[in-house]
Amino acid sequence: MSPLHLSFYSAFIFSGLGLAFHRTHLVSALLCLESMMLSMFVGLSMWSIENQVSSFTMVPILMLTFSACEAGTGLAILVASTRTHGSDHLHNLNLLQC
Amino acid sequence: MTYLMFFLGVCFAVGVLGVASNPSPYYGVVGLVLASVAGCGWLLGLGVSFVALVLFMVYLGGMLVVFVYSVALAAEPFPGGLGDWRVIGCAVAFVAIVFGGLVFGGFMGAWKFGVSTVNNVGVFVVRSDFSGVSMFYSHGAGMFLVAGWGLLLTLFVVLELVRGLSRGAIRAV
């Protein structure tokens with residue numbers, strides 16, 4: 001594994017771990033989702049560069065489009081839950097708790 | 001040049017680590033900005049300047065700006081930044097997990113240096129990333145329309161989620 005591959009691969013794993021072990025804020029989890037998307041963008045761009053397949057360059061742009069949709073929806077959920085619960089603390093989202 | 005690319009790769013991973021260690025979101029966004037600037041410089045070093053420009057404008061200038069405004073919802077009196085022992089503990093633990101996995105997997109040749117780039121062959125050629133993305137309008141027209149339709153639907157999804165009053169999706173008051 002070349003160092004650049006290690007870099008975006010470990011960035012993806014860091015963000016996945018940060019999403020799994022989130023602490024207080026919902027927006028921190030959304031930021032970890034964004035950084036997962038960023039590392040995937042860089043990885044897909046490197047695929048098209050290293051294999052010299054120029055038509056694959058549209059795939060990271062497409063992924064950026066769908067990630068923008070996901071980020072907008074996540075932020076709308078953040079705003080809606082902040083309106084309801086008063087803050088975006090994750091321990092307030094406990095309606096399903098037994 | 002090789003060491004510059006390696007440095008940008010390290011900056012990228014360190015910036016993402018700054019987000020993933022879950023500090024207060026004010027500081028997490030700084031880490032994400034650093035990571036996206038390093039990723040943009042990385043793509044520039046590899047030669048695909050169009051994709052780097054798209055990353056800068058759409059991701060950094062569009063999505064991250066919206067995120068920076070939205071972290072105003074995460075206001076707290078004493079935001080725990082990178083000096084907080086919980087944040088540093090998270091960062092150290094994540095690095096230990098990743099590099100423990102590397103050592104256990106035998107590094108897999110992570111010390112080989114080699115980067116292939118787009119060739120500079122002069123002015124009267126079409127660059128690979130420009131020609132690739134422009135295929136969105138020719139062979140990729142179906143996916144282009146699907147992506148545009150998805151964006152339009154997302155607009156209405158967001159509208160319904162934040163509408164509030166008596167017809168909103170998540171609303172108790």
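Residues numbered from 1 in each chain as written. Chains lettered and ligands numbered in written order. Predicted model: local features only at pLDDT ≥ 70, side-chain atom pairs only at ≥ 80, totals over all residues. Heavy atoms only, no water.

Considerations on the overall build of chain B
Definition in use: Segments assigned H or I by DSSP are reported as helices when at least four residues long, segments assigned E as strands when at least two residues long, and all are numbered from the N terminus. Throughout, exposure labels follow a simple rule: accessible area from a 1.4 Å probe, protein chains only, divided by the maximum for the residue type, with under 20% read as buried, over 50% as exposed, and the rest as partly exposed. We call two residues in contact whenever any of their non-hydrogen atoms come within 4.5 Å of each other. Using the Shrake-Rupley algorithm and a 1.4 Å probe, accessible areas are obtained, with residue cover drawn only from the displayed protein chains.
In terms of regular secondary structure, chain B is built from 6 helices and 0 strands. Sequence-ordered secondary structure for chain B, helices as α and strands as β, is α-α-α-α-α-α. Scored against the burial criterion, the 173 residues of chain B give a buried share of 38%. When contacts within chain B are restricted to residue pairs at least 6 apart in sequence, long-range pairs at least 24 apart make up 64% of them. Summing over all exposed atoms, chain B offers an accessible surface of approximately 9900 Å²; the carbon and sulfur share of this is 75%.

What to know about the packing of helix H2 (residues 26–50) of chain A against helix H2 (residues 25–46) of chain B
Cut-off, in case you're wondering: Note on definitions: angles span 0 to 180 degrees between N-to-C directions of axes, and those axes are lines fitted to C-alpha atoms, for helices only across the stretch in contact. An angle counts as roughly parallel when it lies under 35 degrees, as roughly antiparallel when it exceeds 145, as roughly perpendicular when it falls between 65 and 115, and as oblique in every other case. All residues other than Ala, Val, Leu, Ile, Met, Phe, Trp, Tyr, Cys, Pro, Asp, Glu, Lys and Arg, Gly among them, are scored as polar; the first ten of these are nonpolar and the last four charged.
Following both chains from N to C, one finds H2(A) and H2(B) inclined at 5 degrees, their axes separated by 10 Å at the closest point. Put simply, H2(A) runs roughly parallel to H2(B). The segment H2(A) lies against H2(B), with Val27(A), Ser28(A), Leu31(A), Glu34(A), Ser35(A), Leu38(A), Phe41(A), Val42(A), Ser45(A), Met46(A) and Ile49(A) engaging Pro25(B), Gly28(B), Val29(B), Leu32(B), Ala35(B), Ser36(B), Gly39(B), Trp42(B), Leu43(B) and Leu46(B). Of the residues belonging to the contact of H2(A) with H2(B), the class tally is 14 nonpolar, 6 polar and 1 charged.

Considering the environment of Met40(A)
Residues and elements named next belong to chain A. Here methionine 40 shows up in helix H2. Its relative accessible area of 38% is what places methionine 40 among the partly exposed residues. Separated by 20 residues in the primary sequence, methionine 40 and proline 60 have C-alpha atoms spaced 8.0 Å apart.

Let's talk about the interface of chain A and chain B
The figure often quoted for interface size is the accessible area lost as the parts come together. Filter applied, for reference: Buried area is a sum: the accessible area each of two parts loses on coming together, probed at 1.4 Å, counted once for each and added. Salt bridges are defined by distance alone: a side-chain nitrogen of Lys or Arg within 4 Å of a carboxyl oxygen of Asp or Glu. Two N or O atoms count as a polar contact when they lie within 3.5 Å, although within protein this holds only if one can serve as hydrogen donor and the other as acceptor, and sequence-adjacent residues are included solely when both atoms are side-chain atoms.
In this assembly, 61 residues from chain A lie in contact with 77 residues from chain B. Contact with chain B buries area across many residues of chain A, yet Phe14(A), Arg23(A) and Leu31(A) alone supply 12% of it, more than any other trio. In this structure, the connection of chain A to chain B is made through 0 salt bridges. Remark: the boundary between chain A and chain B carries 6 residue pairs in polar contact (both at pLDDT 80 or more). When contributions to the side of chain A that touches chain B are tallied by element, the ones reaching two or more residues are helix H1 (3–20), H2 and helix H3 (58–85) of chain A. The greatest single-element share of the side of chain A that touches chain B, amounting to 21 residues, is contributed by H3(A). Looking at the side of chain A that touches chain B, its residues break down into 34 nonpolar, 22 polar and 5 charged.

Details of the UniProt feature "transmembrane region" (unreviewed entry) in chain B
Residue and element names in this part refer to chain B. Going by this rule: UniProt positions are given in the numbering used here, feature names are shortened, and annotations may be inferred rather than shown by experiment.
Per the UniProt record, the feature "transmembrane region" (unreviewed entry) sits at residues 51–75, 87–111 and 141–162. Across residues 51–75, helical content stands at 80% and strand content at 0%; the span's end C-alpha atoms are separated by 34 Å. Along residues 141–162, the helical share is 95% and the strand share 0%, with 32 Å between the first and last C-alpha atoms.

A few points about the confidence of the model for chain A
Our working definition: Each residue carries a pLDDT score, the predictor's own confidence in it, on a scale running from 0 to 100.
When pLDDT is averaged along chain A, the result is 89; 99% of the residues meet or exceed 70. Ranking the helices and strands of chain A by mean pLDDT puts H2(A) first, with 93, and H3(A) last, with 90.

Things to note about the packing of aromatic side chains
Note the threshold: Centre distance within 6.5 Å is the pairing criterion for rings of Phe, Tyr and Trp, where only the six-membered ring of Trp is used; planes under 30 degrees apart are then read as stacked, over 60 as edge-to-face, and the remainder as tilted.
A full pass over the atoms with the stated rule returns 6 aromatic pairs over all chains. Measuring from ring centre to ring centre gives 6.4 Å for Phe8(A) and Trp42(B), while their planes differ by 40 degrees; the resulting arrangement is tilted. With Phe8(A) in helix H1 and Trp42(B) in helix H2, the pair connects residues from two separate chains. On the accessibility criterion, Phe8(A) (17% relative accessible area) is buried. The exposure class of Trp42(B) is buried, given its relative accessible area of 0%. Aromatic rings pair up to connect Phe8(A), Phe12(B) and Trp42(B) into one cluster.

Comments concerning the UniProt feature "signal peptide" (unreviewed entry) in chain B
Here, UniProt's "signal peptide" (unreviewed entry) annotation points to residues 1–18 of chain B. In residues 1–18 of chain B, helix accounts for 94% and strand for 0%; the two terminal C-alpha atoms are 26 Å from one another.

Thoughts on the environment of Leu8(B)
Residues and elements named next belong to chain B. Mapped onto the secondary structure, leucine 8 falls in helix H1 (residues 2–20). Sequence-wise, leucine 8 and glycine 101 are 93 residues apart; in three dimensions their C-alpha atoms are separated by 22 Å. Discounting residues that sit within four places of it in the chain, leucine 8 has contacts with Ala38, Gly41 and Trp42.

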